[in-house]
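# Report on the structure
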Amino acid sequence: MTERSDCRMGDDTVPVIPYDTFEAASLFLATGRTREEVLPLVGLAAAEWDRLRETYRWFPTALGESYRRAYFKGLDDAAICRLVLSPRWRLQEGDDADLRSTRHIREAVWRNPHIGPFTGCGWPCTFIAAHAEAVLCCYTHDGKTVYFDGKPLSDRKGGPIVVDAASFRAVAGRWLADRHHVYGQRQFGANQTFYWYVVEGADAATFEALNLRYARDGSQAYYITGKTIRTKSPEAFEIVPELRLNYRDGTRDPLHDTSVIARDREAVYFYGSRLKNARPGNFRDIGHGYATDGTTVWFLNRRKPVENADAATFTVPGPGEPHIAGRHGGSCVTDRYRPYVEGEPCDPREWIESWRPFFEARPDLKGWWWHELAG
């Protein structure tokens, strides 16, 4: 018997199933079971499942509010919880009736999906790990095959990647391993098609994921494109955080997990390739695609130094300061001697009024190019 019930929502009647049953059904579908096998056990037709799934799958997140409002006709979280929490589960003590509090239910079902209508199905299913970026996608296996979002792992050409299911694990981010190999996960195309590859030469025993893009082992480092970085100091190989300037909320966030910048004792790496002549010791990102090693300023998108830039005074206007937009895109930056756009020096005489709000907000700066011209 299914656990489906039909509930009147305004002028509409919609099917409702327990949230844990939904998560179990989703996990079996993600592990290679077909809709023809799974949906009859939850009592839903394919179209009903599609509509219900767009609502239920967002419950433990801050997303999907528009789907919930449309499906449950504006019911608040407390009312939805009363509808979808089966007698098997209750909110944890101290939790508010907030759908995000259902995360512990999702995690419990990942450990054991053989519940409710799936108690006696006998389908092997082991949760491995959630994907670090692809929301709601995960790795699972059925004892023989490793699946990602319902499909076996494949290479760029769509051919199968043979892995050892029993030992397959997520190292971190896009890096994975089994007892034979280390694997990287990439994606391509407008539809962001996922594929996997063997990281040649990687030592699984010492392999360490540094972020979503870089990793290292005891002898070398790696970039997620499949590039091997022949570092002379793998023990010193590390991420250089990118700096995100948030003008809306006034914060400066160092981005570690998604940074494309790394360094060792000898060099700086940008998208896995050496940044020629960059000195690693003091190298740091300063926002809007600019970085400095204390002597030279780099415009990273062009992988080149900013000509004649004064590193000591080079300034990227940040949150809390007037933002100066480029006339053809990009952001304006400046040093003591001139302004720059997209890494190129500009004629200061053409930018006096554009920079007036910034310099008037920074009375601590004196004797710069703007003061000479504006005066």
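Everything below is about the structure shown above.
Because the structure is predicted, anything quoted here is derived from the model rather than measured. (Residues numbered from 1 in each chain as written. Predicted model: local features only at pLDDT ≥ 70, side-chain atom pairs only at ≥ 80, totals over all residues. Heavy atoms only, no water.)

## Side note on the pattern of salt bridges
Cut-off, in case you're wondering: Any carboxyl oxygen of Asp or Glu within 4 Å of a side-chain nitrogen of Lys or Arg constitutes a salt bridge here. A run of H or I in DSSP counts as a helix once it spans at least four residues, and a run of E counts as a strand once it spans at least two, with each numbered from the N terminus. Only protein chains enter the area calculation, which uses a 1.4 Å probe; residues under 20% of their type maximum are buried, those over 50% are exposed, and those in between are partly exposed.
Taken as a whole and assessed by the stated rule, the structure comprises 23 salt bridges. For R35, the salt bridge identified is with D50, shortest N-O distance 2.6 Å. With R35 in helix α2 (residues 35–42) and D50 in helix α3 (residues 46–56), this pair connects stretches of sequence that are 15 residues apart. Accessibility expressed as a relative area gives 33% for R35, which makes it partly exposed. Here R263 and E238 are joined by a salt bridge, their closest N and O atoms 2.9 Å apart. Of this pair, R263 sits in strand β18 (residues 261–263) while E238 sits in strand β15 (residues 238–239), and the two are 25 residues apart along the sequence. Each of E3, D20 and R88 takes part in a single network of salt bridges with overlapping partners.

## Focus: the sheet that holds strand β26 (residues 339–341)
Whether parallel or antiparallel, the strands of a sheet pair through hydrogen bonds between backbone atoms. Rules: Between any two strands, pairing holds if DSSP finds at least two bridges.
The sheet built from three strands is open, its strands ordered β25-β26-β27 with antiparallel pairing. At either margin of the open sheet sits one strand with a lone partner, and together these are β25 (332–334) and β27 (344–345). Bridge count between β26 and β27: two bridges; the pairing is antiparallel. Bridge pairing links Y340 to P345 in β27.

## Notes on the layout of surface pockets
By rolling a water-sized probe across the atoms, one finds the places where empty space is left. This is how the line gets drawn: The rule is simple: put a 1 Å grid over the protein atoms alone, call a set of points where a 1.4 Å probe fits but cannot get out a cavity, call an open set with protein on both sides within 12 Å along at least five of seven lines a pocket, and count a residue as lining if it has an atom within 4 Å of a point. Grid points are joined across faces, edges and corners, and a volume is the space filled by probe spheres set on the points. As a working rule, the residues Ala, Val, Leu, Ile, Met, Phe, Trp, Tyr, Cys and Pro are called nonpolar, Asp, Glu, Lys and Arg charged, and the rest polar, with Gly in that last group.
Estimated volume of the largest pocket: approximately 500 Å³. Taken together, 24 residues form the lining of the largest pocket, with S26, R53, L136, C137 and D149 sitting closest to its centre. Put simply, the parts of the chain that give the lining of the largest pocket at least two residues each are α1 (19–29), α3 and α6 (103–111). Among the elements that take part in the lining of the largest pocket, α1 stands out by supplying five residues, more than any other. The class makeup of the residues in the lining of the largest pocket is 12 nonpolar, four polar and eight charged. Approximately 230 Å³ is the volume attributed to the second largest pocket. C137, F148, D149, K151, P152, S154, N191, Q192, T193, F194 and W196 together form the lining of the second largest pocket. If one sorts the elements of the lining of the second largest pocket by residue count, strand β10 (residues 193–198) sits on top with three residues. Partitioned by chemical class, the residues of the lining of the second largest pocket number five nonpolar, four polar and two charged.

## So, the nonpolar core
Short version of the rule: Among the buried residues, those of types Ala, Val, Leu, Ile, Met, Phe, Trp, Tyr and Cys that are joined through side-chain atoms within 4.5 Å form a nonpolar core. What makes two residues a contact is simply this: any of their non-hydrogen atoms within 4.5 Å.
Of all hydrophobic cores here, the largest spans 34 residues; its most connected members are I17, W49, Y56, F59, F72, V84 and F118. Those elements giving two or more residues to this core turn out to be β1 (5–9), β2 (12–16), α1, α2, α3, α4 (65–72), α5 (77–84) and α6. Counting residues per element, this core draws most heavily on α1, which supplies seven residues. Sequence-distant contacts of F59, that is, excluding residues within four places in its chain, are made with Y19, R68, F72, I80, V84, L99, R100 and T102. Among the nonpolar cores identified, the runner-up in size contains 32 residues, and V199, Y214, A278 and W298 belong to it.

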